[in-house]
Amino acid sequence: MEKTLIILKPDAVKNKHIGHIVSRIEQENFTILGIKYLWMKRSEAKKFYAVHKERPFYKDLCKYMSSGPVVVAALKAPGAVAKWRELIGATDPAQAAEGTIRKLYAESKEANAVHGSDSAENAETEIHFFFKKKELID
Ligand code: IDP
Ligand code: MG
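What counts and what doesn't
Residues numbered from 1 in each chain as written. Chains lettered and ligands numbered in written order. Predicted model: local features only at pLDDT ≥ 70, side-chain atom pairs only at ≥ 80, totals over all residues. Heavy atoms only, no water. Helix = DSSP H or I, 4+ residues; strand = E, 2+ residues; numbered from the N terminus. Buried < 20%, exposed > 50% of the residue type's maximum accessible area, 1.4 Å probe, protein only. Phe/Tyr/Trp six-rings, centres within 6.5 Å; stacked < 30°, edge-to-face > 60°. Pairing = 2+ DSSP bridges. Near = heavy atom within 4 Å. Polar contact = N/O pair within 3.5 Å; in protein donor to acceptor, adjacent residues only side chain to side chain. Areas by Shrake-Rupley, 256 points an atom, 1.4 Å probe, with all protein chains shown as cover. Axes fitted to C-alpha atoms, helices over the stretch in contact; angles between N-to-C directions. Contact = heavy atoms within 4.5 Å.

### Details of unusual backbone geometry
Part 1: Not every positive phi belongs to a glycine, and asparagine 29 is a case in point at roughly 65 degrees.
Part 2: Positive phi, normally seen in glycine, also occurs at alanine 113, with a value near 70 degrees.
Part 3: In this structure, alanine 113 sits in the loop between α6 (101-105) and β4 (114-116).
Part 4: Under the relative-accessibility criterion, alanine 113 is labelled buried at 0%.

### Structural notes on the packing of aromatic side chains
Part 1: The tally for this structure, following the rule as stated, stands at 5 aromatic pairs.
Part 2: Each ring, one from phenylalanine 30 and one from tryptophan 84, has its centre 5.9 Å from the other, and the planes form 80 degrees; the classification is edge-to-face. Of this pair, phenylalanine 30 sits in the loop between α2 (18-27) and β2 (31-38) while tryptophan 84 sits in helix α5 (residues 80-88); the two residues are 54 residues apart in sequence, bridging distant segments of the chain.
Part 3: What makes tryptophan 84 buried here is its relative accessible area of 0%.
Part 4: Each ring, one from phenylalanine 129 and one from phenylalanine 130, has its centre 4.9 Å from the other, and the planes form 75 degrees; the classification is edge-to-face.
Part 5: Taking relative accessible area as the criterion, phenylalanine 130 reaches 10% and is therefore assigned buried.

### Some remarks on the pairing of strand β1 (residues 2-8)
Part 1: In terms of burial, β1 is largely enclosed, as 5 of its 7 residues are buried.
Part 2: In this structure, β1 lies alongside strand β3 (residues 70-77), joined through 7 bridges in antiparallel fashion. From the neighbouring strand, isoleucine 7 faces β3, where its bridge partner is valine 72.

### Points about the site of ligand 1
Part 1: Around ligand 1, the structure places Lys9, His52, Arg55, Phe57, Leu61, Arg85, Thr91, Arg102, Lys109, Glu110 and Asn112.
Part 2: Arginine 85 places a polar side-chain atom, nitrogen or oxygen, 2.9 Å from an oxygen atom of ligand 1.
Part 3: Across the complex, the protein chains shield 80% of the 530 Å² of accessible surface that ligand 1 would expose by itself.

### A few points about the sheet that holds β2
Part 1: The strand order across the open sheet built from 4 strands is β2-β3-β1-β4, with neighbouring strands paired in antiparallel fashion. Taken across any chain shown, the strands that pair with only one partner, and hence form the sheet edges, are β2 and β4. Taking the axes of each pair of neighbouring strands and ignoring which way they run, one obtains an average angle of 15 degrees across the sheet.
Part 2: Contacts between helix α7 (residues 120-130) and the sheet are confined to β1, β2, β3 and β4, with β1 contributing the most and set at about 55 degrees to the helix.

Quick look at the structure:
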């Protein structure tokens, strides 16, 4: 079993896709270990995306991710990291495969509906960024 951290980004919340995406999570047999609704401060977004701090899109991304409420969740499944990334599709929704979450619901390359951890190791770090141990039900 593997864990991953996902975020339903401000565009997904604003466009009323929480239900669609959570429904997909259930259909695809992920176990929800923890889920919460929150609004990140700019400083929190900067910390969360610190790995991208040298990238040209970093500043705008942090501004965007703190522009409205999000849903964060810790999920569990066999191969959860790759499974979720396959389900969400390419970073740019214009490049994302048919039926993927980004193809269905994203607005743009920046406002691309969802986040997913890129490795099991980073998933652990990202899960503990948002959740205390007692907030995860395994
Ligand atoms: P990922 O979310 O598919 O793993 P990353 O390369 O890790 O993509 O980038 C993190 C986030 O930064 C993306 O999900 C997207 O919101 C934003 N982003 C990435 N590349 C660009 C870009 O070229 N322009 C604007 N935003 C970008
Ligand atoms: Mg990434």
